Each structure stands twice: as C-alpha cells, then as structure tokens.
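Secondary and tertiary structure notes
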Amino acid sequence: MLFLKLKRENFFQALGEFSEYALYVPRREGERVLLKETSLQDLPENLYFERTTGSAKEILFPQEETLFYFKRYEPLERPKLEDRKKLVLGLRPCDAHGIQVLEDNFLNLEPVDVYFKRRRENTLLVTIACSQFEDNCFCDSLGLGPDRLNGADAIIYDLREAVGVLSRSAILSEKLKGYAFQFQEVENEDQVEKGEVPRRDPEQLPILSPEEYLALISEDKLWEKISSPCLGCASCTYLCPTCYCFDLQDVTYGPVGKRVRTYDSCMFGLYTLEASGHNPRPTLKERWRQRFLHKFSYIPFLEGILGCTGCGRCIEVCPAGIDLREVIKDVAKFKR
Amino acid sequence: MRQDDLFLTCQKAFQERGLDLLLGYEKSSSGFLRPAVFTAPESLERISWDPSASLNLATYLPRFKSKKVGILAPGCVSRSIIILINEGQINREQVTIIGVPCRGLIEKRKLGDLEGVRLVEFRDESFVLEKENQRRELNLEDYLSESCLSCAYPAPVIYDYLIQGPSREGSKGFLEKRIKDLTRLSPEERLLYFKREAEKCIRCYACRQACPMCYCESCFVESSEPRWLQAAPEPVDNLIWLLTRVYHLAGRCVQCGSCSRACPEGVDLMSLLAWANQSVFELFQYQPGLKIGEKPALGEYRLEDPDFFWGGGQTEGKKCCS
C-alpha cells in the first residue's frame, strides 16, 4: 500500500490524469442521491458527498443485466462485455466493505462471474473517509469504519490543506505519485495520518461467532418475534450493499430473446417456491432467519468477513421500522 | 389524547374481548413510532400513538384470519378495515377496533437529515426534535404527508372503543389541486411526468406490502405463465406495475398514504391513486370504506351506472375527471 500526500489543488490536477476513465460521484436528484457521471470541474471543493440512496453494488452488479441473447436454431450470443473504465469517487468505507463481500462471492468462488469481473477490473473505487455520520449508520459498532480502506482501491483522508490518499491500486499510485509532495509505502492502514475523522462512542453491539449464530437456527420463537412486524418487501435487500442474490429470467419475443439477470430477494415468497408448489421457507419467519444468518453466520463463516456493513440503509427504509441493531441485540439474548 | 387513556383502554379491550394480539405502535429509539404486535396485556405499557406513525396497521389483518385481533385505528385504518370486511377478507367479529384521534401523519422524508436526531414530543400544533441537546420546534402542518393534507376522514369511521382527543379537520384540496395541475398538462407531458416517476422505481414492492388493500396471495407480477411483466426494473415495466396497481385500487384506496411513505425512492404514488378514486367518485358517487355491507363500486352493476364509454347511457358525452 502506498500513502500519498497531495496539496489540494494538486489532487484535483492529478484527477486529470484519469481522462480515459468516466468519473462517477454521488449526486442528489430530488429526493434521491444517485451515482452519476460528472466532470472534473463539477467536483465539490471540500470533497463532501452525500451517502447514496442505493448502495454501491449497482456500479458492479446492476439491478438488471443481459447475460446472453438467443435465437431459435442459432448459437447463443453474448453481449459485448462492458469495457468502459470508471473512476468512482466519493463512496464510503461501508460501501467498500460491501464490494468486498460481493467480490468474494462473484470472483473468489468457481465459476468466476465474467460480467462482474470485467466491471471490477475496469473500475477504480476511491472512497472518502466519512466526515460525518449518517442516519442510522453504525459501521463503528462493527469495527468497519468510518475511516477504513475495506474493499476500496484507495481511500481519501481530509488533512485540511492537504489530501491524504491510501492506495493499494498500482494504477492509482502510479498516476498520483507525480503530484504528491510526499509518499511512502505502508504495511498497515493504522500507521497513516487520517486527519479529523468523526468519533463517537460506538454503540456496543453483541456480535456472536458464526457458529454461535448457527446454533440459533431452530429458535423458532426468536425468528417469529423478529419477523412479526416485517411486511415482506425487498426494500432492505435491494438497497443492501452485500445482498447479491439474483434471478434469471428469459425475456422472449417470439423466436428471439435474452436471458436477463435481476436482483431477487430472500424476503419474497417466490424466492424459494419450488415447481411442485412446496416452499421450504413458507413464512416471513424462515425468510428473516435466512437473511440474518446469511449476513452474520454464513458469510463470516465462508469469507471471514461480516456480511453487514453497518450502512444503516435497511433501517432507514424499512416501512415497518425494523431496526437491525435491535435485531442483533435480540438475537444475542438467545445465545446458549 | 392521554397516554394512560390509550394504555388502559387497550388493556381493557384486550381483556374484555379475549384478544390474541393487538396491533399498535411503539416508540423506536429515535422517538418515532413503529408498528408493534402486542401479544400480552402487560406489554401494552409500550403502546403509543402520535403523528410519527407511518404504516397502515390494517395491512397486517389478513395475516391473522384465525385470530382475535385488536387494532389502533385512525380514520384511514378504520376505513381500510371496512373494505377488508366488505371484501370478505376478515370478519367484523374477529376485529376489535380501538379508534384513535388523528392529527395527520408526518412525512419523514420532509425532515431531511435525521442523524442523531430524536423526536422529543408533540404539542398542539407542533413537534420538537432534539440533536445534541439542541431543540428545534417544527410546525406539524408543514411536515404532514400529502395524503393527510387531503384527508376527508381523519377521525375513525367505526370503532368498538374510542380514545378521546382532537382530530385534524377533514380537508380536501392538496392532491385534488395536484390532479388539476396534471390534467392541465398535455397527454404527452403527463406521460413524461409519470415515466420519470416510474424510472425511480426499483420494484421492491414496499408499496404493495404496505398497502392493506394489496392482500392478493399471488400478485400478478409474480405470475410466470403468462408473464405480465418482466422482473427487471425496465421503465416501461415499472410504469405497467404502477398503473396496474392503481387500476386495482380504483375505488378501493382510502388514500392513507402508507404506500407512499413506504417507498424508498420517493415515487409519486398518491397522484395516480387519488386520480383513480376521484374518477370513481365522479362516475359512481362512491367513496370507499364508509359503510359496512356496501359493495365496491367496481364490483357491482346498477342500471343507472354511466356507460358513456360504449356510446349510450345516461351520461352521454360526459368524460371523467373533466
């Protein structure tokens, strides 16, 4: 990893080096904050960006994507893989943690997802250490932020007059070096100067081990209690930075068509409905158990990292007001 | 409305009616209300009701068909219950309605950044937010939902128990004006407006799940044979979803705004819903959810019904929503 310090004006100049990249930043449009292409001139001087309404996953794993086209009696045709280079600036450390979970699923397991892989290779993810906490966010309770590199290619720290960049991408390091007044190799991200990062007394959340969580799988009363106000919509999973479940559907027009991948949600009954009519997760109780254990037991067990980023989006959008922090506490009470 | 009145009445209802559960609200850590299912009279100490509630509790009723259920009901919820009874989804005997006065519900989105903010209290015409010991008093009327600004029946229409307290005065106008503005646009401009709204939709179906009238066990969007629309959030499919839901709710929607507040993307759902309801009212002089035993306007045929759309009938030449 390389830690670079740049004067503010030089930092913006350095971004000019990335002319072959499309620059994406969070931008407010009415009630929503979306990742939008922007020009270098339109970047805010103070490098403050709002948290996006949706999560960063859509930049690598869009809600809808065509995997191939088909035509009767003819071989399948794969669409041209997206080769547009993107520099995504202004995401948060929690978003970057979500990307890491996605990478583990799409890249580190066989078969490798070629669509995701191509996008990831063409994307530079530069996060910014949070200058303030957002509604309901709790990454500090999970030890994931608000100033950690997580799955990003680089993270930016506001050092008042200067901009600190901690980079683990060779391309980024190479291009920024010429503009930095100081740079050094670092082993550990805790060694670097981070400037003023907001601190608060993080709420202590009792996170159990994957095995301890797994032992609660048959606690029907627990899952029933937690899921009782749930409505079974997918706003939490669609906005979650780590939810990567998808559905495959054929869109046909007579003899031609395409196979499309779209987000799916374990909160829907249709998600596990089998052709026979049997549904192994017939009620919200089983669906909630799946969603919770996937994030807090299965992903930590398989990937070694937490499947929750603490971004707080699910808490903010839940129409039934379910607060994941309280769910975490409720679950821990059942620990054996 | 007094808190002990609410608690004692609910407890009384729970015991007198032998309820299995009671649907109400409790305060979340930020002071805003969230739905809660109370299964024992002792737990009712936490029950609470104020304008920070969001979800229409009648949404939960079809889940508890075999249970005796109590429910807190302001005007819109009581009307939803009437429709659910009229449409054969629940029995009147099975539901115990605890009517509550309603001063309108807050649209949380209008409050902006809520990091570290706690809702402290409601006063007569305002409410108080606190952040880092700084208090801010806001005028309730300015932060009410669109649906509540156009609510004709804030007080419960039917009830078994009633909590005393002032309700907002019934007032129409807000959404009606929006509809007028939209009808003034050319059809192309209007289509463009709703296409833009549809583009925001991520098809999480929070609107459907938050709606007491969307109780179908299998929604048309889930059908794969035939497939009515694609699962992917293509703008045109989103528009089909939003419009079809509106048609299914025409003359059935009580305009509680539950769907609109549940939408994570802030899609304008209320304009179309209010427009469909207004059309049904103009054509059939029917308002949903006011009388038990009534048939829904679109579920009944009367000889005097207008049938201008196929050429004859008594309202020849009349167009709806003129």
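Residues numbered from 1 in each chain as written. Chains lettered and ligands numbered in written order. Predicted model: local features only at pLDDT ≥ 70, side-chain atom pairs only at ≥ 80, totals over all residues.

**Here we look at the overall build of chain B**
The helix and strand tally for chain B stands at nine helices and nine strands. For chain B, whose C-alpha radius of gyration is 20 Å, the value lies close to the compact-globule estimate of 20 Å for 322 residues. Contacts in chain B between residues far apart in sequence, at least 24 positions, make up 69% of those at least 6 positions apart. (Helix = DSSP H or I, 4+ residues; strand = E, 2+ residues; numbered from the N terminus. Rg over C-alpha atoms; globule rule 2.2 N^0.38 Å. Contact = placed C-beta atoms within 7 Å.)

**Structural notes on the overall build of chain A**
Along the backbone of chain A there are 12 helices and 11 strands. Its C-alpha atoms give chain A a radius of gyration of 21 Å, near enough to 20 Å, the size a compact globule of 336 residues would have. Per-residue burial for chain A yields a buried fraction of 44% across its 336 residues. Counting only contacts in chain A whose residues sit at least 6 apart along the sequence, the fraction spanning at least 24 positions is 75%. (Buried ≥ 20, exposed ≤ 12 C-beta atoms within 10 Å, placed from the backbone.)

**A look at the nonpolar core**
By size, the foremost hydrophobic cluster in this structure holds 162 residues, and its most contacted members are Leu6 and Val88 of chain A together with Ile71 and Ile81 of chain B. Two domains each put at least three residues into this core: domain 1 (2–191) and domain 2 (210–333) of chain A. Of all hydrophobic cores here, the second largest spans six residues; its members include Cys94, Cys137, Cys139 and Cys311 of chain A. (Core = buried A, V, L, I, M, F, W, Y, C linked by C-beta atoms within 7 Å. Domains from an automatic or database assignment.)

**Things to note about the domain arrangement of chain A**
Residues and elements named next belong to chain A. Examined at the domain level, chain A breaks down into domain 1 (2–191) and domain 2 (210–333). Centre-to-centre, using C-alpha coordinates, domain 1 lies 26 Å away from domain 2. At the junction of the two partners, domain 1 supplies 33 residues and domain 2 supplies 28 residues. When residues of the side of domain 1 that touches domain 2 are assigned to their parent elements, the largest contribution, nine residues, is made by helix H3 (residues 93–106). Split by residue class, the side of domain 1 that touches domain 2 holds 14 nonpolar, 10 polar and nine charged. (Nonpolar A, V, L, I, M, F, W, Y, C, P; charged D, E, K, R; others polar.)

**A few points about the environment of Pro35 of chain B**
Structurally, Pro35 of chain B is set in strand E2 (residues 33–38). It is 19 Å that separates the C-alpha atoms of Pro35 of chain B and Cys148 of chain B, two residues lying 113 residues apart in sequence. Dropping the residues within four chain positions of it, Pro35 of chain B is found in contact with Pro229, Ala320 and Gly321 of chain A together with Tyr25, Leu55 and Leu57 of chain B.

**Notes on the packing of helix H4 (residues 174–184) of chain B against helix H9 (residues 270–284) of chain B**
Residues and elements named next belong to chain B. At a closest axis distance of 9 Å, the pairing of H4 and H9 adopts a crossing angle of 90 degrees. When the interaxial angle is binned, H4 and H9 end up roughly perpendicular. Judged by residue contacts, Leu175, Arg178, Ile179 and Leu182 of H4 engage Met270, Ser271, Ala274, Trp275 and Gln278 from H9. Split by residue class, the contact of H4 with H9 holds six nonpolar, two polar and one charged. (Axes fitted to C-alpha atoms, helices over the stretch in contact; angles between N-to-C directions. Parallel < 35°, antiparallel > 145°, perpendicular 65-115°, else oblique.)

**Let's talk about the interface of chain B and chain A**
For an interface, size is often stated in terms of accessible area lost upon the parts coming together. Contacts between the two partners involve 30 residues from chain B, matched on the other side by 29 residues from chain A. Looking at side-chain class alone, the side of chain B that touches chain A contains 15 nonpolar, seven polar and eight charged residues.

**Description of the sheet that holds strand E9 (residues 180–185) of chain A**
Strands belonging to one sheet form pairs held by backbone hydrogen bonds; the direction of such a pair is parallel or antiparallel. All names here are of chain A. Pairing in this open sheet of eight strands is mixed, and the strands run E3-E2-E5-E6-E7-E8-E1-E9 from one edge to the other. Two strands in the sheet have a free side with no partner beyond their single neighbour: strand E3 (32–37) and E9. Along the sheet, successive strands turn relative to each other by an average axial angle of 25 degrees, direction set aside. By the bridge criterion, five bridges tie strand E1 (residues 2–7) to E9 in an arrangement that is antiparallel. Across the sheet, residue Leu6 finds its bridge partner in E9, namely Ala180. Contacts from H3 reach strand E5 (86–91), strand E6 (123–128) and strand E7 (154–159) within the one sheet, and its direction differs from that of E6 by about 145 degrees. (Pairing = 2+ DSSP bridges.)

**Observations concerning helix H10 (residues 284–303) of chain A**
Residues and elements named next belong to chain A. Between its terminal C-alpha atoms H10 stretches 26 Å, which fits the 28 Å expected from 20 residues at 1.5 Å a residue. Bending of H10 peaks at approximately 50 degrees at the position of His294. Where H10 terminates, the next one or two residues include Gly304, which has phi positive at roughly 80 degrees. (Expected span 1.5 Å × (residues − 1). Bend = angle between axes of the 7 residues up to and from the residue.)

**Section: the sheet that holds strand E4 (residues 64–71) of chain A**
Residues and elements named next belong to chain A. Pairing in this open sheet of three strands is antiparallel, and the strands run E4-E11-E10 from one edge to the other. The strands lining the two open edges of the sheet, one partner per strand, are E4 and strand E10 (246–253). Taken over all neighbouring pairs, the strand axes of this sheet differ in orientation by 20 degrees on average, direction set aside. Two elements, E10 and strand E11 (residues 256–263), share eight bridges in a ladder whose sense is antiparallel. Among the inter-strand pairings, Gln249 is bridged to a residue of E11, identified as Val260.

**Focus on the packing of helix H7 (residues 235–249) of chain B against H9 of chain B**
All names here are of chain B. One can describe the packing of H7 onto H9 by two numbers: an axis separation of 9 Å at closest approach and a directional angle of 35 degrees. The way H7 lies across H9 gives a crossing that is right-handed. When H7 is examined against H9, the residues Leu242, Val246, Tyr247 and Leu249 are found in contact with a partner set consisting of Leu272, Leu273 and Ala276. For the contact of H7 with H9, the class distribution of residues is seven nonpolar, no polar and no charged. (Left-handed = near helix turned anticlockwise from the far one by under 90°.)

**Side note on the pairing of strand E2 (residues 22–29) of chain A**
Residues and elements named next belong to chain A. Relative to E5, E2 runs parallel, the two sharing three bridges. Across the sheet, residue Tyr24 finds its bridge partner in E5, namely Val88. The sheet contact formed by E2 and E3 spans six bridges and is antiparallel. In the sheet register, Arg27 faces E3, and the bridge partner there is Leu34.

**Considering H3 of chain A**
All names here are of chain A. Along its 14 residues, H3 runs 20 Å from first to last C-alpha, staying within 8% of the 20 Å computed at 1.5 Å per residue. Of all 14 residues in H3, 10 are buried, a share of seventy percent or more. Among the residues of H3, Pro93, Cys94, Asp95, Ala96, His97, Gly98, Ile99, Val101, Leu102 and Phe106 are the ones counted as buried.

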